[in-house]
Amino acid sequence: MKNLLGIKHLGKDEIEAILREAEYFAARPNEQIDLLQGRFVANLFFEASTRTRFSFEVAEKRLGAHVLNFSDSSSSTTKGETIYDTLRTLESMGVETAVIRTGQNGLFHELANEPNLNLHLVNAGEGTMEHPTQCLLDLLTMKQHHGGIQGLQVAIIGDLRHSRVLGSHLDALPKLGAKLMITGPDQFMRDQTALPEDVRVVGMEEAIATADVVMMLRVQLERHTGQLFSSKETYHQAYGLTRERAAMMKPNAIIMHPAPFNRGVEIDGQLVEGKQSVIFPQVTNGVAVRMAVIAKLMTGGISTWESSLKMANC
Ligand SMILES: N[C@@H](CC(=O)O)C(=O)O
Ligand SMILES: NC(=O)OP(=O)(O)O
């Protein structure tokens, strides 16, 4: 694996391999595992982020890498330098991996086709298309709670049209044998002709009462062109996870949210830290997943590393 461009570029076996390696790191919280000692990784966030940006940084530091954090507003992109030229510049200094968040759909496809660009590219959120590491950490969280992904009923609810998290799950969940249901207001619906065959569009009640995983999505106001959203209260009553709706969930079902969440809009404030919520454990898993991804790209992964250690000790 050279890059992590999106879930659609990964086979089922590759997703499962990353999840296994993430489990290795998740079982060793806070442990320093210096696979990347002395090597350079750069994080370039052209859109706002808290979780993804910091969990990549924590992951890279726990792997022993030197971490460079790029600031868009104080960089030479303000003088017109392109992302491609910025990356060639970083590569010329010895940076081996670039973690990028962008609002530009299709950027990763373009960069991956640049013949002179040799650093590893990691998609940390691309426009409305994909957010592969979010998807992987969600899968790890589902696996931890339900023992596996195959056969799980997953409901994803909310601003479906603008969610790159959904973009990745539309590919990952059917690949891993989960049953995906989606629901949300008409103005947030995806083009149904472009949905994978097995994905069902259902009503709120069915989604909540039958799911093993209820994943709420934030209303992505920053991506709306025009007035698609009337008021927080109306949205909460019609499409939010209210306490009344949560009471209809299966006892073993979990509540997920990629965050940031807006309490009282797509989810009742108390449910965020309620007993069925795994929203903060998702954040914890983000570090393990990002360690697994970076280690895989830069070293071949923990299994390759362990076997080379064994060889060296023979
Ligand atoms: N943080 C996630 C979800 C969200 O912002 O609502 C993303 O960047 O896509
Ligand atoms: N879930 C997620 O990507 O959060 P941030 O936008 O804060 O990184």
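Cut-off values and rules
Residues numbered from 1 in each chain as written. Chains lettered and ligands numbered in written order. Predicted model: local features only at pLDDT ≥ 70, side-chain atom pairs only at ≥ 80, totals over all residues. Heavy atoms only, no water. UniProt positions renumbered as here; feature names shortened; annotations may be inferred. Helix = DSSP H or I, 4+ residues; strand = E, 2+ residues; numbered from the N terminus. pLDDT = per-residue confidence, 0-100. Near = heavy atom within 4 Å. Polar contact = N/O pair within 3.5 Å; in protein donor to acceptor, adjacent residues only side chain to side chain. 1 Å grid on protein atoms, 1.4 Å probe; cavity = no way out; pocket = protein on both sides within 12 Å on 5 of 7 lines; lining within 4 Å. Sits in = over half its atoms within 2 Å of the grid points. Nonpolar A, V, L, I, M, F, W, Y, C, P; charged D, E, K, R; others polar. Pairing = 2+ DSSP bridges. Axes fitted to C-alpha atoms, helices over the stretch in contact; angles between N-to-C directions. Buried < 20%, exposed > 50% of the residue type's maximum accessible area, 1.4 Å probe, protein only. Right-handed = clockwise from strand over helix to strand, strands pointing away. Phe/Tyr/Trp six-rings, centres within 6.5 Å; stacked < 30°, edge-to-face > 60°.

Draft legend 1. Seen up close, the UniProt feature "domain: Aspartate/ornithine carbamoyltransferase carbamoyl-P binding" (unreviewed entry) in the chain. When the UniProt feature table is mapped onto this chain, "domain: Aspartate/ornithine carbamoyltransferase carbamoyl-P binding" (unreviewed entry) is found at residues 2-144. Along residues 2-144, the helical share is 39% and the strand share 18%, with 28 Å between the first and last C-alpha atoms.

Draft legend 2. Structural view of the confidence of the model for the chain. Across the chain, pLDDT averages 96, with 100% of residues at or above 70. Overall fold confidence for the complex sits at a pTM of 0.96, while the interface term, ipTM, reaches 0.98.

Draft legend 3. Summary view of the site of ligand 2. Near ligand 2, the surroundings consist of Ser49, Thr50, Arg51, Thr52, Arg101, His131, Gln134, Pro258 and Ala259. One of the side-chain N or O atoms of Ser49 is found 2.6 Å from an oxygen atom in ligand 2. Taking Gln134, its side chain carries an N or O atom lying 2.9 Å from a nitrogen atom of ligand 2. At a threshold of 2 Å from the grid points, most atoms of ligand 2 map onto the largest pocket. Here the residues of the shell around ligand 2 are counted per class, giving two nonpolar, five polar and two charged.

Draft legend 4. Layout of the sheet that holds strand 4 (residues 120-126). Across the sheet, which stays open at both edges, the four strands sit in the order 2-1-3-4 with parallel pairing between neighbours. Two strands lie at the open edges of the sheet, namely strand 2 (66-70) and strand 4, each paired on one side alone. Adjacent strand axes in the sheet meet at a mean angle of 15°, parallel and antiparallel pairs treated alike. Two strands pair when backbone bridges link them, and strand 1 (residues 40-45) and strand 3 (residues 95-102) are joined in this way by six bridges, in the parallel orientation.

Draft legend 5. Layout of the pairing of strand 4. Of all the seven residues making up strand 4, seven are buried; the element is thus mostly covered by neighbouring parts of the structure. Judged from the five bridges that link them, strand 3 and strand 4 form a sheet pairing that is parallel. Opposite Thr102, over in strand 4, you have Glu126 as the bridge partner. For the crossover from strand 3 across helix 4 (residues 107-112) to strand 4, the handedness is right-handed.

Draft legend 6. Quick look at the packing of aromatic side chains. In total, this model carries five aromatic pairs according to the counting rule given. Ring geometry for Tyr24 and Phe25: centres 5.5 Å apart, planes at 85°, overall edge-to-face. The class for Tyr24 is buried, based on a relative accessible area of 18%. Classification of Phe25 as buried rests on a relative accessible area of 1%. When the centroid spacing of 5.4 Å and the interplanar angle of 55° are considered together, the rings of Phe46 and Phe70 count as tilted. Placement of the pair is Phe46 in the loop between strand 1 and helix 2 (51-62) and Phe70 in strand 2, with a sequence separation of 24 residues.

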